[in-house]
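# Results of the structural survey
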Amino acid sequence: QLRFVESGGGLVQPGGSLRLSCVVSGDTLDYYAIGWFRQAPGKEHEGISCISNSGDSTFYVNSVKGRFTISRDNAKNTVYLEMNSLKPEDTALYYCASRNNRGTTCQSLLEYLDVWGQGTLVTVSS
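This section reports on the structure supplied with the text. (Residues numbered from 1 in each chain as written. Predicted model: local features only at pLDDT ≥ 70, side-chain atom pairs only at ≥ 80, totals over all residues. Heavy atoms only, no water.)

### A look at the sheet that holds strand S1 (residues 3-7)
- On the basis of which strands lie adjacent, the open sheet formed by 4 strands has the order S1-S3-S8-S7 and antiparallel pairing. Two strands close off the open sheet at either side, each with one partner strand: S1 and strand S7 (68-73). Each adjacent strand pair in this sheet contributes to an overall mean axis angle of 20°, direction not counted.
- Note: S7 against strand S8 (residues 78-83), 6 bridges, orientation antiparallel. For aspartate 73, the partnering residue across the bridge sits in S8 and is threonine 78. (Pairing = 2+ DSSP bridges. Helix = DSSP H or I, 4+ residues; strand = E, 2+ residues; numbered from the N terminus. Axes fitted to C-alpha atoms, helices over the stretch in contact; angles between N-to-C directions.)

### Points about the state of the cysteines
- Under the counting rule described, the total for this entry stands at 2 disulfides.
- In this model cysteine 22 forms its disulfide with cysteine 96; the gap between the sulfur atoms is 1.9 Å. Here the S-S torsion is close to 80°, and the disulfide linking cysteine 22 with cysteine 96 is therefore right-handed. Residue cysteine 22 is found in strand S3 (residues 18-25), and its partner cysteine 96 is found in strand S9 (residues 92-98); the two are separated by 74 residues along the sequence. (Disulfide = S-S within 2.5 Å.)

Put into structure tokens, the structure is as follows:
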């Protein structure tokens, strides 16, 4: 069973930057694509980025493309989300997530998620 612990959130001004970390435990990270998701107050969960198991492929939702960068260090069991040029509409609780099946791909994360962390709060405000 995979487990996730997110960190790195906080209060930042518009145009600022943050780097979120997701520490994964429960299995060898190399087998799993990992996605970042967010939920703003009163809104649905939104998938914003995904990285393949090897790190060779990355995907972004249009609203964050060009501003956010996902990366991973399998040796450290950690996935990162570098967020630049932050906007007030980026304010949300950010989660990392995957599925408890070896071989999980970014495409499979579009179907459903098995496990996710409690999240880290990002607030973008002047």
